[in-house]
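Chain residues, written in single-letter form:
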Amino acid sequence: MKVPLFDMTRQYESLRDEILNVVDSVFKSGRLIMGENVKRFEEEMQNYLNVKHAIGVANGSDALYIAARSLGIKDGDFVITTAFTFFATVSCVTRNGGTPIFVDIDENTFNIDLDQVEKVLKDHPARNKIRAIIPVHLFGRTVDLERLEYIRQQYGVKILEDCAQSVGSTWQFSDGTVKKSGSVGDVSILSFFPTKNLGAHGDAGMILTNDEHLAEFCRIFRVHGAKVKYFHEMEGVNSRLDEVQAAILRVKLKRLDSFHQRRRDLAKLYNELFEKYDLTNHVVCPPLGEGFECVFHQYVVRVKHGHRDRLKSYLESRGVETAIYYPLGMHRQKCFAHLPRVELEKTDRACAEVLALPMFPELREEEVEYVVKCIKDYFEGECAC
Ligand SMILES: Cc1ncc(COP(=O)(O)O)c(C=O)c1O
């Protein structure tokens, strides 16, 4: 059996007619940039996430760059973030002239450790120059939004939520209110890269905010800094979401909650099978969630006792595709070698242990069973040696 990590063609098969229809309408309309679909998609995302402004851009990395810019991050500013993330979370700070301060992760969630964040805000020599925090809701699991709100109020820092992997994930506050990731930050971003839970058929991204001034800044910045065409108020960039992508994303948005539910069901099945085959000594599974709803952008396990790379090769030999997010923390990247050195023990350990197993809504139960069966075979073979 061959089990892909992700297979977009299966989703396309089920949505093909509808997608081709809306793409055809866009082509027939002759309006390919900043038309009705972008406007409607932005409104639909505002409703879905309960935010006041949603601004479509060309990709998630641009969204981060523009969002960081809108917060005024510049030369001499410091920004707290995680090193266990995708490059763009960090480059949006450095490309704007700021300096990232990396803090370690919480081992159970892989997300930024908010105790460490508070420690830095209190004790760091540059604490007066810390302008913002960029939490990443990694693999679809929400960072504690209530605590983020507290930290913002307590320390007067801005929050930029990186929701590239978490569209639709939720957090329940102590008063029972439920909020979605992206609705709490001063500004937040989404990526619609094809493999994301809400995936375009190309690149696409979005900026979210409840602040009218930040929204206005981002709207102008994405079109060369010109509110009125050919009259440039700032040196912006060209970063627009195009009509074809917006039209396709509107089709998928209608199904997004059912895609999420399917991912959660598959995660539950994985966890049950790991229990059933008594593999939990070797493999640490992600929790399904209480008080938050994970959207399982990735199903990532920790493989203990140094077996990760051998297990990965073994799975490959059995036709199971896996991936490592991420093999090297941002604090160890060559391009950030000039930044102050920092030891992040938990991040390094995660880099050595994580393994993403196949996860997408169209993945079949028998494929999940096959993946876990292969992992069982691996450990039985290993233990017999
Ligand atoms: C956490 C995170 N931030 C930002 C991005 C950047 O998004 P994009 O690929 O749309 O530029 C990604 C995409 O992989 C991501 O995973």
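- Per an unreviewed UniProt entry, the protein goes by Pleiotropic regulatory protein and derives from Pseudothermotoga hypogea DSM 11164 = NBRC 106472.

### Quick word on the pattern of salt bridges
Thinking step 1. This structure, assessed with the given rule, holds 30 salt bridges.
Thinking step 2. A salt bridge links R255 to E18; its shortest N-O distance comes to 2.7 Å. With R255 in the loop between α8 (243-253) and α9 (256-276) and E18 in helix α1 (residues 8-29), this pair connects stretches of sequence that are 237 residues apart.
Thinking step 3. With a closest N to O distance of 3.1 Å, R222 and E42 form a salt bridge. In this pair, R222 sits in the loop between α7 (212-221) and β10 (226-228) while E42 sits in helix α2 (residues 36-49), placing the two residues 180 residues apart along the sequence.
Thinking step 4. Judged by its relative accessible area of 10%, E42 is buried.
Thinking step 5. Here the residues in one salt-bridge network are D7, R10, R364 and E367, joined through shared partners.

### Considerations on α9
Thinking step 1. Taking 1.5 Å of rise per residue, 21 residues should cover 30 Å, and α9 covers 30 Å from first to last C-alpha, within 8% of that figure.
Thinking step 2. Listing the buried residues of α9 in full gives L256, F259, H260, R263, R264, L266, A267, L269, Y270, N271, L273 and F274.

### Topic: the packing of aromatic side chains
Thinking step 1. Within the structure shown, the criterion is met by 16 aromatic pairs.
Thinking step 2. Aromatic pair W171 and F292: ring centres 6.1 Å apart, planes at 15°, arrangement stacked. With W171 in strand β6 (residues 170-172) and F292 in strand β13 (residues 292-293), this residue pair connects regions lying 121 residues apart in the sequence.
Thinking step 3. Judged by relative accessible area, F292 falls into the buried class, the value being 10%.

### A closer look at the packing of helix α3 (residues 60-70) against helix α4 (residues 87-94)
Each packed pair of helices is defined by two parameters, the angle between the axes and the distance between the axes.
Thinking step 1. One way to put it is that α3 packs onto α4 with a least axis distance of 8 Å and a crossing angle of 35°. Remark: the crossing between α3 and α4 carries right-handed chirality. Taken together, the residues of α4 that come into contact with α3 (itself represented by S61, L64, Y65 and A68) are A88, T89 and C92.
Thinking step 2. In terms of residue class, the contact of α3 with α4 is made up of five nonpolar, two polar and no charged.

### Here we look at the sheet that holds strand β7 (residues 178-180)
Thinking step 1. Strand order in the open sheet formed by three strands is β7-β6-β13, and the pairing between neighbours is antiparallel. For this open sheet the edge positions go to β7 and β13, each flanked by a neighbour on one side alone.
Thinking step 2. Sheet analysis places β6 next to β7, joined by three bridges and oriented antiparallel. From the neighbouring strand, W171 faces β7, where its bridge partner is K179.

### Structural notes on the layout of surface pockets
Thinking step 1. Computed from the structure, the largest pocket encloses a volume of approximately 410 Å³.
Thinking step 2. Forming the boundary of the largest pocket are 24 residues, of which F86, Q165, S191, F193 and K196 lie nearest the centre.
Thinking step 3. Top contributing element to the lining of the largest pocket by residue count: α3, with three residues.
Thinking step 4. For the lining of the largest pocket, the per-class residue count stands at 11 nonpolar, 10 polar and three charged.
Thinking step 5. Built from parts of two domains, the lining of the largest pocket gets at least three residues from each of domain 1 (8-250) and domain 2 (256-383).

### Quick word on empty space enclosed by the protein
Thinking step 1. Applying the stated criterion across every chain yields a total of one cavity of 30 Å³ or more.
Thinking step 2. Here the largest cavity is characterised by a volume of approximately 80 Å³.
Thinking step 3. Lining the largest cavity are 13 residues, with F6, Q11, K196, R263 and P361 sitting closest to its centre.
Thinking step 4. Looking at the lining of the largest cavity, its residues break down into five nonpolar, three polar and five charged.

### A few points about the site of the ligand
Thinking step 1. Near the ligand lie 14 residues; those nearest to it are G60, S61, D162, S191 and K196.
Thinking step 2. Contact distances for the ligand include 2.8 Å between an oxygen atom and a backbone N or O atom of G60.
Thinking step 3. In this structure, K196 approaches the ligand through a side-chain N or O atom, which is 2.8 Å from an oxygen atom.
Thinking step 4. Coverage of the ligand by the protein chains reaches 92% of its 390 Å² of free accessible surface.
Thinking step 5. In this structure the site holding the ligand corresponds to the largest pocket.
Thinking step 6. Per-element accounting of the shell around the ligand gives the leading share, three residues, to α3.
Thinking step 7. Looking at side-chain class alone, the shell around the ligand contains five nonpolar, seven polar and two charged residues.

### Describing the domain arrangement of the protein
Thinking step 1. Looking at the protein, the domain boundaries give domain 1 (8-250) and domain 2 (256-383).
Thinking step 2. Relative to domain 2, the C-alpha centre of domain 1 lies at a distance of 25 Å.
Thinking step 3. Facing the 38 residues of domain 1 at the interface are 39 residues of domain 2.
Thinking step 4. When domain 1 packs against domain 2, the two sides together hide about 3,400 Å² of surface, and 62% of this comes from carbon and sulfur.
Thinking step 5. At the surface where domain 1 touches domain 2, the tally comes to two salt bridges.

Thresholds, definitions, all that
- Residues numbered from 1 in each chain as written.
- Predicted model: local features only at pLDDT ≥ 70, side-chain atom pairs only at ≥ 80, totals over all residues.
- Heavy atoms only, no water.
- Salt bridge = Lys/Arg side-chain N within 4 Å of Asp/Glu carboxyl O.
- Helix = DSSP H or I, 4+ residues; strand = E, 2+ residues; numbered from the N terminus.
- Buried < 20%, exposed > 50% of the residue type's maximum accessible area, 1.4 Å probe, protein only.
- Expected span 1.5 Å × (residues − 1).
- Phe/Tyr/Trp six-rings, centres within 6.5 Å; stacked < 30°, edge-to-face > 60°.
- Axes fitted to C-alpha atoms, helices over the stretch in contact; angles between N-to-C directions.
- Left-handed = near helix turned anticlockwise from the far one by under 90°.
- Contact = heavy atoms within 4.5 Å.
- Nonpolar A, V, L, I, M, F, W, Y, C, P; charged D, E, K, R; others polar.
- Pairing = 2+ DSSP bridges.
- 1 Å grid on protein atoms, 1.4 Å probe; cavity = no way out; pocket = protein on both sides within 12 Å on 5 of 7 lines; lining within 4 Å.
- Points joined across faces, edges and corners; volume = space filled by probe spheres on them.
- Domains from an automatic or database assignment.
- Near = heavy atom within 4 Å.
- Polar contact = N/O pair within 3.5 Å; in protein donor to acceptor, adjacent residues only side chain to side chain.
- Areas by Shrake-Rupley, 256 points an atom, 1.4 Å probe, with all protein chains shown as cover.
- Sits in = over half its atoms within 2 Å of the grid points.
- Buried area = accessible area lost by both parts, 1.4 Å probe.

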